[in-house]
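Structural description and commentary
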Amino acid sequence: MSTPPLTLQISANEQRVYNAQLGEELEYQIKFVNNTEVDFFGLTVSAKLDGSMFDLNSMQSNGFFNSATRLITWNASVSPLLNHLAPHQEGAVNFRVKIKNSFPSGGIGVKDSIVKVSAEAETPTIPPGFDLDRLSVGSELVAKIVSLPSLGQSVFRSDAIFGSNGPMPPRSGQKTTY
């Protein structure tokens, strides 16, 4: 088994597997490595943010962020390593984004309990032995958002068969029937 010519790895707060908290700021790092004996030129790295729990207003990055597509793009104008990545050299791009402070309300249960970042690195440089137009590699990281269980209680006073009456909530010394 051979090593891929270009590798990509995403981490959140320096971890490959991550459980996020509501309101937490996550620092993502996308690390890229040239595993060949060939110089790579003109690399582009992009990251797509999926999930409604990202607070896009908190986004911090030196890449170009398109809020409509939720895509961050880095190129040689941001990092010299993306212009020229020497053999066996590695580099990284970073961004920060917060998780929203609370889940969307309504309904029963939590629906949006994960966030995902999908990254891609691409170069027009093709190492010998590959019949490609462009060399690209992808990676993704899914972070679970930790939530605490919540319990609610309800009392129903209306019963067509037995009826109900009395003060609600019940008071000491006064009769309440359910």
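Concerning the sheet that holds strand β1 (residues 6–12)
Taken in spatial order, the four strands line up as β1-β3-β10-β6 in an open sheet, and their pairing is antiparallel. Edge positions in the open sheet fall to β1 and β6 (54–61), since each of these has one partner strand only. Across the sheet, the axes of successive neighbouring strands diverge by a mean angle of 20°, strand direction being ignored. Examined bridge by bridge, strand β3 (residues 25–34) and strand β10 (residues 90–99) share nine bridges and lie antiparallel to one another. Its bridge partner lying in β10, V33 is registered against E90.

Quick look at the packing of aromatic side chains
Per the stated rule, a full pass over the model turns up three aromatic pairs. A centroid spacing of 6.4 Å and a plane angle of 65° characterise the contact between Y28 and F54, whose relative ring orientation is edge-to-face. Placement of the pair is Y28 in strand β3 and F54 in strand β6, with a sequence separation of 26 residues. Note on Y28: relative accessible area 0%, which makes it buried. By relative accessible area, which is 2% here, F54 ends up buried. Members of the aromatic cluster, joined through ring pairs, are Y28, F54, W74 and F95.

What to know about the pattern of salt bridges
Here the structure, examined in full by the defined rule, presents five salt bridges. The salt bridge partner of R96 is E25, with a shortest N-O separation of 2.8 Å. One end of the pair, R96, is in strand β10; the other, E25, is in strand β3, and 71 residues separate them in sequence. Given a relative accessible area of 31%, R96 falls into the partly exposed group. Across the pair E90 and K31 runs a salt bridge, and its minimum N-O distance is 3.7 Å. With E90 in strand β10 and K31 in strand β3, this pair connects stretches of sequence that are 59 residues apart. Taking relative accessible area as the criterion, E90 reaches 45% and is therefore assigned partly exposed. Taking relative accessible area as the criterion, K31 reaches 28% and is therefore assigned partly exposed.

A short note on the environment of I99
Positionally, I99 belongs in strand β10. When the C-alpha atoms of I99 and Q21 are compared, they prove to be 7.4 Å apart, with 78 residues separating the residues in sequence. Dropping the residues within four chain positions of it, I99 is found in contact with A20, Q21, L22, G23, E24, L26, M53, F54, V115 and I145.

Considering the pairing of β10
Consecutive residues of a regular strand have side chains that alternate between opposite faces of the sheet. Bridge count for β6 against β10 is four bridges, and the pairing is antiparallel. The partner of Q60 across the bridge, within β10, is R96.

Definitions and cut-offs
- Residues numbered from 1 in each chain as written.
- Predicted model: local features only at pLDDT ≥ 70, side-chain atom pairs only at ≥ 80, totals over all residues.
- Heavy atoms only, no water.
- Pairing = 2+ DSSP bridges.
- Helix = DSSP H or I, 4+ residues; strand = E, 2+ residues; numbered from the N terminus.
- Axes fitted to C-alpha atoms, helices over the stretch in contact; angles between N-to-C directions.
- Phe/Tyr/Trp six-rings, centres within 6.5 Å; stacked < 30°, edge-to-face > 60°.
- Buried < 20%, exposed > 50% of the residue type's maximum accessible area, 1.4 Å probe, protein only.
- Salt bridge = Lys/Arg side-chain N within 4 Å of Asp/Glu carboxyl O.
- Contact = heavy atoms within 4.5 Å.

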